[in-house]
Amino acid sequence: MDRLKASLTAKTAAVILVIVSLLALVISACGMLAIDQAGGYRMRKEDLLHKAYESICDQYAVAAMAVYLDEDLKELYQQQLTQSNFRYGIVKAKSRSKADFRDPDSYVDGNIEQLPDNQELYYEEFDFGKEVSFRVDNDDLWNTYIDYSMPYEEQEYVVNGWYYDPDSDAFYVRAENKLFPISEGTMISADDEEYTLDSVSRFIEEVQTENGTAWQWVNCLAVLIMEDLYVDINDIRILDGTLDRLEDYGKVQQESPDYFFDGGRFLTRQELPTEHYIVVSYVNLPLAGTQTWMDGDPFVKATLLMDLIYQIRYIGIVALMVSLVIFAASFAFLMAAAGHRKGQDDVQPHFLDFVPLDLHFAGVVLVETAVFFLTITWIEATIGWRRNDLSGMVSAFVI
């Protein structure tokens, strides 16, 4: 044993085993964690594959809507969508309960003529107005996203006055002969206390004037509108409902201001009419097309990844235990053999023992980082992974 402790070959082999076993330990632990997050240890393969197919169909549904609504995208990607294992039909209806998916005439677009009876169906619903656009990343239809959808129309106004109507117990802002109700705000008292807008009764009092009964503000400093705009209470006119009526200042609107700008301007948003679309889909089984990771569609890749997960899920546990034992044994040997030299009985220091610990640590971290980076670069260059493919497939299972 003493000869083995003094052997440079044995120490070199132990260092290599420590590095390799530690790397295997980390990889197997990360792999087990990823598999567990995906459900590989808790779900049946069929259930997990169904979950992946559902996620892929949801993403493809966006692509189907893009091809249907955008003529340019239809010209570019219609064939790619047709050649995939994604089978779909688009129905325009107010709700799923009002759509007849068994009627071929109800589809406004799609690549199916009749829904199968023995396939799992997936549904995705959308509300689109006239202003909608899509983007396709990396020229891959599966990476289609809704880039812009405006379900409302914005209108900007300039403030012409502030009013409070006791009859309707509401505050209004006037612009272009229109009165917009204020739905959010805070009343600030003379004692700098805050009250909700429905506390107006404590801040107004009835007074007698030459023209009759009127109202005036008391013990109130201002109204804070939507936490953005400070309005002095003296700038808010109280209407008496007789000589000074709400309808004299404009027509009351249904919508309230959504945002106030500096300089006495505000913004309103009015919902625009939209069309409700329902995409019903299923997976073409058995899967058609190229059955490889590089050239297969997302369903093929999901199936291949699922097969791999269920083939290695228990291998990871064995690799973890074996690498842990090897790491512990190799590390213990290095600790016992430290300082032993051939032909010398006493423990002798090594040149590394004279290197300051902080410099030694920095050097080890730099070397390990460089090795890890070069390894990842070599894997990407050799296997040819596309990051969107890998990240997309993992997301399909984790989500």
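The preceding data block contains the structure.
Calculation notes
Residues numbered from 1 in each chain as written. Predicted model: local features only at pLDDT ≥ 70, side-chain atom pairs only at ≥ 80, totals over all residues. Heavy atoms only, no water. Helix = DSSP H or I, 4+ residues; strand = E, 2+ residues; numbered from the N terminus. Buried < 20%, exposed > 50% of the residue type's maximum accessible area, 1.4 Å probe, protein only. Contact = heavy atoms within 4.5 Å. Areas by Shrake-Rupley, 256 points an atom, 1.4 Å probe, with all protein chains shown as cover. Axes fitted to C-alpha atoms, helices over the stretch in contact; angles between N-to-C directions. Parallel < 35°, antiparallel > 145°, perpendicular 65-115°, else oblique. Left-handed = near helix turned anticlockwise from the far one by under 90°. Nonpolar A, V, L, I, M, F, W, Y, C, P; charged D, E, K, R; others polar. Salt bridge = Lys/Arg side-chain N within 4 Å of Asp/Glu carboxyl O. Pairing = 2+ DSSP bridges. Phe/Tyr/Trp six-rings, centres within 6.5 Å; stacked < 30°, edge-to-face > 60°. Core = buried A, V, L, I, M, F, W, Y, C linked by side-chain atoms within 4.5 Å.

1. Section: the overall build of the protein chain
Across its full length, the protein chain carries 8 helices and 20 strands. Across the 399 residues that make up the protein chain, the buried fraction comes to 38%. Counting contacts in the protein chain only where the partners sit at least 6 residues apart, residues at least 24 apart contribute 63% of the total. For the protein chain, the accessible area works out to roughly 24,500 Å², and carbon and sulfur atoms hold 54% of it.

2. Here we look at the packing of helix α3 (residues 45–69) against helix α4 (residues 71–83)
Any two packed helices are characterised by how steeply their axes cross, that is the angle between the axes, and by the distance between the axes. Running from N to C, α3 and α4 cross one another at 130°; their axes reach a closest spacing of 7 Å. Classified by the angle between their axes, α3 and α4 sit oblique to one another. Seen from above, α3 lies across α4 with left-handed handedness. In this structure, α3 contributes Y60, A64, A66, V67 and L69 to the contact, and α4 contributes E71, L73, K74, Y77, Q78 and L81. Grouping the constituent residues of the contact of α3 with α4 by class yields 8 nonpolar, 1 polar and 2 charged.

3. Brief notes about the pattern of salt bridges
For the structure shown, the criterion picks out 13 salt bridges. A salt bridge links R135 to D137; the nearest nitrogen and oxygen atoms lie 3.3 Å apart. On the basis of relative accessible area, R135 is assigned to the partly exposed category, the value being 35%. One salt-bridge network, held together by shared partners, links R44, E46 and D47.

4. Some remarks on the sheet that holds strand β10 (residues 185–189)
Read across the sheet, 4 strands follow the order β11-β10-β14-β15 without closing on themselves; strand pairing throughout is antiparallel. Each of the sheet's edge strands pairs with one partner strand only, and the pair in question is β11 (194–196) and β15 (229–232). Here the strands of the sheet are splayed against their neighbours by 30° on average, with no regard to which way each runs. Relative to strand β14 (residues 220–225), β10 runs antiparallel, the two sharing 5 bridges. Directly across from I188, in β14, lies its bridge partner A222.

5. Brief notes about the sheet that holds strand β20 (residues 275–283)
Pairing is antiparallel across the open sheet formed by 4 strands, whose spatial order is β2-β1-β20-β3. Bordering the open sheet on either side are β2 (107–110) and β3 (122–128), each of which pairs with just one other strand. Between one strand axis and the next, the sheet turns by 25° as a mean value, whatever way the strands run. Here β3 pairs with β20 via 7 bridges, running antiparallel. Of the residues in β20, the one forming a bridge with F128 is E275.

6. Re the packing of aromatic side chains
Between two aromatic rings, the relevant description is the distance of the centres plus the angle of the planes. Considering all chains together, one arrives at 22 aromatic pairs under this definition. Both rings, one in F180 and one in F266, keep their centres 5.3 Å apart while their planes meet at 70°; by these two values the pair is edge-to-face. In this pair, F180 sits in strand β9 (residues 178–181) while F266 sits in strand β19 (residues 265–271), placing the two residues 86 residues apart along the sequence. By relative accessible area, which is 0% here, F180 ends up buried.

7. Describing the environment of T303
Within the secondary structure layout, T303 lies in helix α5 (residues 298–312). Measuring from C-alpha to C-alpha, the distance between T303 and L287 comes to 9.3 Å, with 16 residues separating the pair along the chain. The contact partners of T303, leaving out residues within four places of it in the chain, are L49, Y53 and L287.

8. Observations concerning the nonpolar core
Within the largest apolar cluster, 40 residues are counted, with the highest numbers of intra-cluster contacts made by Y53, Y60, M65, L81, F86, V279 and F299. Where this core is concerned, the elements lending two or more residues are α3, α4, β1 (86–92), β3, β4 (132–136), β20 and α5. Considering each element in turn, this core owes the most residues, 14 residues, to α3. Those residues in contact with Y53 that sit more than four places away from it in its chain are Y122, V283, L285, L287, F299, A302 and T303.

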